[in-house]
Amino acid sequence: MYQRKIPVDLSCPLRLTMSLINSKWKSCILDELRHGPMRPSCLHRALPEAAPRVLDLQLRELAEDGLVVKTIFPELPPRSEYAITALGRSLLPIIDAMIAWGEQNRSLFERKFPPLD
């Protein structure tokens, strides 16, 4: 597992929050899970741009941080699914604000990242 070289500044609430959702896909995973539990394969299909290994690693980190819970069903073949926790749900207003800001400033991104032809 990744070991942080620089300690998190516990006196800064912004840095603390960002330390939980600081990766490219964690907020997207939480956004997908808001609608209900999902199997890992469904999350991979919902976020096809993300490498499966990266998604699996970030799901594991979200579970370790208590933002999602992984349930493994004792059946053959084994099946698992992820669900957002109450702590993870508490981040949804922040994610919603980020989504709204992105929609309001779409032209900025269209200039910065022109469509590929």
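As shown above, the structure is provided for reference.
Residues numbered from 1 in each chain as written. Predicted model: local features only at pLDDT ≥ 70, side-chain atom pairs only at ≥ 80, totals over all residues. Heavy atoms only, no water.

Trainee: Outline the packing of helix H2 (residues 26–33) against helix H6 (residues 92–104), supporting the account with residue identities and numerical values.
Mentor: At a minimum axis separation of 10 Å, H2 and H6 run at an interaxial angle of 110°. Our classification of the angle between H2 and H6 gives roughly perpendicular. Between H2 and H6, the residues in contact are Ser-27, Leu-30 and Asp-31 and Leu-92, Ile-95 and Ile-99, respectively. Tallied by class, residues from the contact of H2 with H6 come to four nonpolar, one polar and one charged. (Axes fitted to C-alpha atoms, helices over the stretch in contact; angles between N-to-C directions. Helix = DSSP H or I, 4+ residues; strand = E, 2+ residues; numbered from the N terminus. Parallel < 35°, antiparallel > 145°, perpendicular 65-115°, else oblique. Contact = heavy atoms within 4.5 Å. Nonpolar A, V, L, I, M, F, W, Y, C, P; charged D, E, K, R; others polar.)

Trainee: Go over the nonpolar core, please, and point to the residues and values.
Mentor: Among the nonpolar cores identified, the biggest contains 19 residues, and Ile-29, Leu-30 and Leu-33 are the most heavily contacted of them. Those elements that place two or more of their residues in this core are H2, helix H4 (52–64), strand E2 (79–84) and H6. Once residues within four sequence positions are removed from consideration, Leu-33 is found in contact with Met-38, Leu-43, Val-68, Tyr-82, Ala-83, Ile-84 and Arg-89. (Core = buried A, V, L, I, M, F, W, Y, C linked by side-chain atoms within 4.5 Å. Buried < 20%, exposed > 50% of the residue type's maximum accessible area, 1.4 Å probe, protein only.)

Don't take any of this as a statement about function, it's just geometry.
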